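# Survey of secondary and tertiary structure
Residue-level listing of the chains:
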Amino acid sequence: MDCRSLVIAPEATSRLSADAVLLLVVGESLPPAVDAVIGQAVAEAQAQGDLVLKPGKQAYLGRVPGLKAPRLAVVVAKDGSPKALKAAAVSGLALLKGLAIKHLAVQIAGAGEATAAQAEALVQAVTDAVYLYRATKPSAPAAPVLAKLTLLVGSKAEAATATIGLVRGLAIAEGVTLARELANLPGNHCTPSVLAAQARKLGRSHGLRVEVLERRHCEALGMGSFLSVAQGSAEPPKFIVMHYQGAAKTQAPLVLVGKGITFDTGGISLKTAGEMDEMKFDMGGAASVFGTLRAIAELKPKLNLVAVVPATENMPGGRAVKPGDVVKSLSGQTIEILNTDAEGRLILCDALTYAERFKPAAVVDIATLTGACMIALGGVRSGLFSPDDELAAALLAAGESALDPCWRMPTDDEYDEALKSNFADMANVGPRAGGAITAAKFLQRFTAKLRWAHLDIAGTAWKSGAAKGGTGRPVALLTHWLLAQAK
Ligand code: BES
Ligand code: MN
Ligand code: ZN
């Protein structure tokens, strides 16, 4: 979004030349600090029975005498938490949907001084509301008009605090938008080569070092697992590495690894036709890594970050890997591929081994890895797996503060036994039961030298149904985690 935000003082509310004012009320009465013109309008609406100041209630008041902005919408939030204010803003934006609003002013009433987290939550709500997919849909309406957001505050100190949230929110919003856009692109428009080009573009615009390993480089290195997935596809695989340097070269970097399956047919273990189109989102992990890198490159925290994205299609074909084939991973461990549809772990394991060379402080992989995780957690929380309590706690906390939550799942060694194979060091699948956990245990076999966590975003990276599309998750979670590491 091209949403430039600013912050101003409250006495101007009624005289502000915005296209709409969105009033978010916390509590069951308006505090006296609210502009008299707005106070009057709210009181009249209450008297007429058009508005009740109770959580969840809302009203569109249209033109209000004395208010320069031609529209006023009021939404009562559940409480003053960033989460509740975001939900209220989402409702308010729905009330204003379709109206010609270029400049939106938001005022929060009854929650005390605005915090950075509240301001950030508002930006999230606005960016989500204005995103529109256009890339392959020429008939889509012209780009959304909302381009300016003003948050009304009461003092310079409050403005300074809110600005911190707005700046962080905007950087994350741009990363979320990038991730959504990439995830939404159809498989024929978002090939591994297109992802590599995207990485180079991000490198040029944000001063990042970018390397792309071609198939022959990966062969020379010994990435037999990654390449086994790629061998069935006519699209050349790309192993993408991006570097953000914000601290001394000697400081150990954090590494993000994103699953970049640009289309997952299942391979020879072919998926059924129903909803197979959604497998274009199987690079949602990669998309979130691109988005996070973008947000970090904007915010420039003092840390070093490496992003690793193994990118390939998973296709059936005359050259495709077959069930029962045994491949040798970059780590040297061999894998019996019992199911070619469990391909995510096959590309991630080589990427995790590759990450060792950066001697990282921590590695987090992000993947649309298992249908089982979607069944376990639905679309609300991403699955978090890590044997490291401290790292897990930091990621959980980042998810809460970013309103992009995850939930820790177990990693007991008993689950690992399901991966035993008679013909290789391990099989790539276990039984159906506990499928998200065995997938994580498979990855864990490649992390002996790492401080590692895994996020399974199969349920959270996109929405099915009428509002089908990428969500941009977990860019906010990852950005919050990284920013916390720089402190
Ligand atoms: N990309 C899928 C996982 C997935 C499924 C994500 C549905 C989002 C929605 C992954 O590659 C896959 O196919 N996993 C298999 C693993 C199984 C063969 C052990 C699955 O979940 O069915
Ligand atoms: Mn698959
Ligand atoms: Zn997949």
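Residues numbered from 1 in each chain as written. Chains lettered and ligands numbered in written order. Predicted model: local features only at pLDDT ≥ 70, side-chain atom pairs only at ≥ 80, totals over all residues. Heavy atoms only, no water.

### Here we look at the coordination of the zinc ion (ligand 3)
So the rule is basically this: Here the coordinating atoms are restricted to nitrogen, oxygen and sulfur within 2.8 Å of the metal centre, or 3.2 Å for Na, K and Ca, and because water is not among them the sites may look incomplete. Think of it this way: with four donors and all angles in the 85 to 135 degree range, the site is tetrahedral; with four or six donors, opposite ones beyond 155 degrees and the rest between 65 and 115, it is square planar or octahedral; otherwise it is irregular. To qualify as a helix, a DSSP run of H or I must reach at least 4 residues; to qualify as a strand, a run of E must reach at least 2; elements of each kind are numbered from the N terminus. Each residue is placed in one exposure class: buried if its accessible area under a 1.4 Å probe, protein chains only, is under 20% of its type's maximum, exposed if it is over 50%, and partly exposed if it falls in between.
Coordination of the zinc ion (ligand 3) by the protein comes from K259 (NZ), D264 (OD), D282 (OD) and E343 (OE), over a distance range of 2.0 to 2.4 Å. Coordination geometry of the zinc ion (ligand 3): the six donor atoms subtend angles of 79 to 175° at the metal centre, consistent with an arrangement described as octahedral. In primary-sequence terms, the residues that donate to the zinc ion (ligand 3) follow K-x4-D-x17-D-x60-E. Here the zinc ion (ligand 3) and the manganese ion (ligand 2) are spaced 3.2 Å apart, and both take D264 as a donor. One end of the pair, D282, is in the loop between strand 10 (260-264) and helix 8 (284-299); the other, E343, is in the loop between strand 13 (334-336) and helix 9 (344-355), and 61 residues separate them in sequence. On the accessibility criterion, D282 (1% relative accessible area) is buried.

### Observations concerning the domain arrangement of the protein
Put simply, the rule reads: Those domain boundaries reflect an automatic or database domain assignment. Only heavy atoms enter the contact rule, under which two residues are in contact if any of them lie within 4.5 Å. Note: buried area is the sum, over both parts, of the accessible area (probe 1.4 Å) each one loses when the two are combined. Within this document, salt bridges are pairs made up of a side-chain nitrogen of Lys or Arg and a carboxyl oxygen of Asp or Glu, the two lying within 4 Å of each other. We define a polar contact as two N or O atoms separated by no more than 3.5 Å, with the added condition that, inside protein, one atom must be a possible hydrogen donor and the other a possible acceptor, whereas residues neighbouring each other in sequence contribute only through side-chain atom pairs.
What the domain assignment lists for the protein is domain 1 (2-157) and domain 2 (179-486). For domain 1 and domain 2, the distance between their C-alpha centres works out to 38 Å. Every contact between the two is made by 12 residues of domain 1 and, on the other side, 10 residues of domain 2. On the domain 1 side of the interface with domain 2, the three residues burying the most area are Y131, Y133 and T136, jointly 48% of the side's total. Here domain 1 and domain 2 share one salt bridge between them. Note that R180 and D128 form a salt bridge whose closest N and O atoms lie 3.6 Å from each other. Scanning the region where domain 1 abuts domain 2 turns up four residue pairs in polar contact (both at pLDDT 80 or more). The set of elements that each furnish at least two residues to the side of domain 1 that touches domain 2 consists of helix 2 (82-95) and helix 3 (116-130). For the side of domain 1 that touches domain 2, the leading source of residues is helix 3, giving five residues.

### Quick word on the sheet that holds strand 13
The line we're drawing: Any two strands with at least two DSSP-identified bridges between them are counted as paired.
Spatially, three strands are ordered 12-13-17 in an open sheet, and the strand pairing comes out mixed. Each edge of the sheet is formed by a strand with only one pairing partner; in this case those strands are strand 12 (326-328) and strand 17 (426-427).

### Quick notes on the coordination of the manganese ion (ligand 2)
Within the protein, the atoms that donate to the manganese ion (ligand 2) are D264 (OD), D341 (O), D341 (OD) and E343 (OE), at distances of 2.1 to 2.2 Å. The site at the manganese ion (ligand 2) holds six donor atoms, and with the angles between them running 72 to 169°, its shape is irregular. Site description for the manganese ion (ligand 2): donor spacing in sequence, D-x76-D-x1-E. Residue class for D341 comes out partly exposed when judged on its relative accessible area of 22%.

### Considerations on helix 11 (residues 389-401)
Keep this limit in mind: To estimate the expected span of a helix, count its residues, drop one, and scale the result by 1.5 Å. Picture the helix axis, draw a direction to every C-beta atom, and the arc is the one those directions span.
The terminal C-alpha atoms of helix 11 lie 18 Å apart, and with 13 residues this matches the ideal 18 Å at 1.5 Å per residue to within 8%. Listed in full, the buried residues belonging to helix 11 are L391, A392, L395, A398 and G399. Down the axis of helix 11, the buried side of the element spans an arc of 125°, and every buried residue falls inside it. Exposed residues on helix 11 whose side chains face more than 90 degrees from its buried face are D389 and E390. On its buried face, helix 11 sits against strand 14 (362-367), strand 15 (382-385), strand 16 (406-408), strand 18 (452-456) and helix 13 (475-485).

### Considering the side chain of S288
Mapped onto the elements, S288 comes out in helix 8. Judged by relative accessible area, S288 falls into the buried class, the value being 0%. Once residues lying within four places of it in the same chain are set aside, the contact partners of S288 are A179, I366, R473, P474, V475 and L478.

### Some remarks on the pattern of salt bridges
The final tally for this structure, using the stated rule, is 20 salt bridges. Salt-bridge contacts for E214 lead to K238; the nearest nitrogen and oxygen are separated by 2.8 Å. Here E214 is found in the loop between strand 7 (209-213) and helix 6 (215-221), whereas its partner K238 is found in strand 8 (residues 238-245), with 24 residues between them in sequence. Here E214 and K238 have matching classes, each one buried. Each member of the salt-bridge network shares a partner with another, and the members are E174, R294 and E298.

### Considerations on the packing of helix 9 against helix 12 (residues 435-444)
Heads up, the rule is: With axes taken as lines fitted to C-alpha atoms, and helix axes fitted only over the stretch in contact, angles between N-to-C directions fall between 0 and 180 degrees. Each angle receives one of four descriptions, namely roughly parallel if under 35 degrees, roughly antiparallel if over 145, roughly perpendicular if within 65 to 115, and oblique otherwise. Crossing handedness: left-handed means the near helix sits turned counterclockwise from the far one by under a right angle, and right-handed means the same turn made clockwise. Note that Gly is not counted as nonpolar here; it falls among the polar residues with everything else outside the nonpolar set of Ala, Val, Leu, Ile, Met, Phe, Trp, Tyr, Cys and Pro and the charged set of Asp, Glu, Lys and Arg.
At their nearest, the axes of helix 9 and helix 12 sit 9 Å apart, and the two run at 30° to each other. Classified by the interaxial angle, the pair formed by helix 9 and helix 12 is roughly parallel. At the point where helix 9 passes helix 12, the crossing takes the right-handed sense. Mapping the contact onto sequence places R345, L346, L348, C349 and L352 in helix 9 and A439, F442 and L443 in helix 12. Tallied by class, the residues present in the contact of helix 9 with helix 12 amount to seven nonpolar, no polar and one charged.

### Comments concerning the site of ligand 1
Quick reminder of the rule: Near, as used in this document, describes a residue that has one of its heavy atoms within 4 Å of the molecule or strand being considered. Here, Shrake-Rupley sampling with a 1.4 Å probe gives the accessible areas, and only protein chains in the shown set may cover a residue.
In the vicinity of ligand 1, 17 residues are found, and the nearest of them are K271, D282, D341, E343 and G371. Here an oxygen atom of ligand 1 sits 2.7 Å away from a polar atom, N or O, in the main chain of G371. Alone, ligand 1 offers 520 Å² of accessible surface; in the complex the protein occludes 79% of this. Partitioning the shell around ligand 1 into residue classes produces six nonpolar, four polar and seven charged.

### With respect to the packing of aromatic side chains
Just so we agree on the cut-off: Aromatic rings from Phe, Tyr and Trp, taking only the six-membered ring of Trp, are treated as a pair when their centres fall within 6.5 Å; an angle between ring planes under 30 degrees marks them as stacked, one over 60 as edge-to-face, and anything in between as tilted.
Tallying each qualifying case throughout the model produces five aromatic pairs. Geometrically, the ring pair formed by F226 and F239 is edge-to-face, given 5.7 Å between the ring centres and 70° between the ring planes. Pair noted here: F226 is in helix 7 (residues 224-230) and F239 is in strand 8, with a separation of 13 residues, a long-range link. The pair F226 / F239 is uniform in exposure class, with both members buried. Centre to centre, the rings of F281 and W462 are 4.7 Å apart; their planes meet at 25°, and the pair counts as stacked. One end of the pair, F281, is in the loop between strand 10 and helix 8; the other, W462, is in strand 19 (residues 462-463), with 181 residues separating them in the sequence. Residue F281 is classed as buried on the basis of its relative accessible area, which comes to 1%. The exposure class of W462 is buried, given its relative accessible area of 9%. These aromatic residues form a ring-pair network of at least three members: F226, F239, Y354 and F358.

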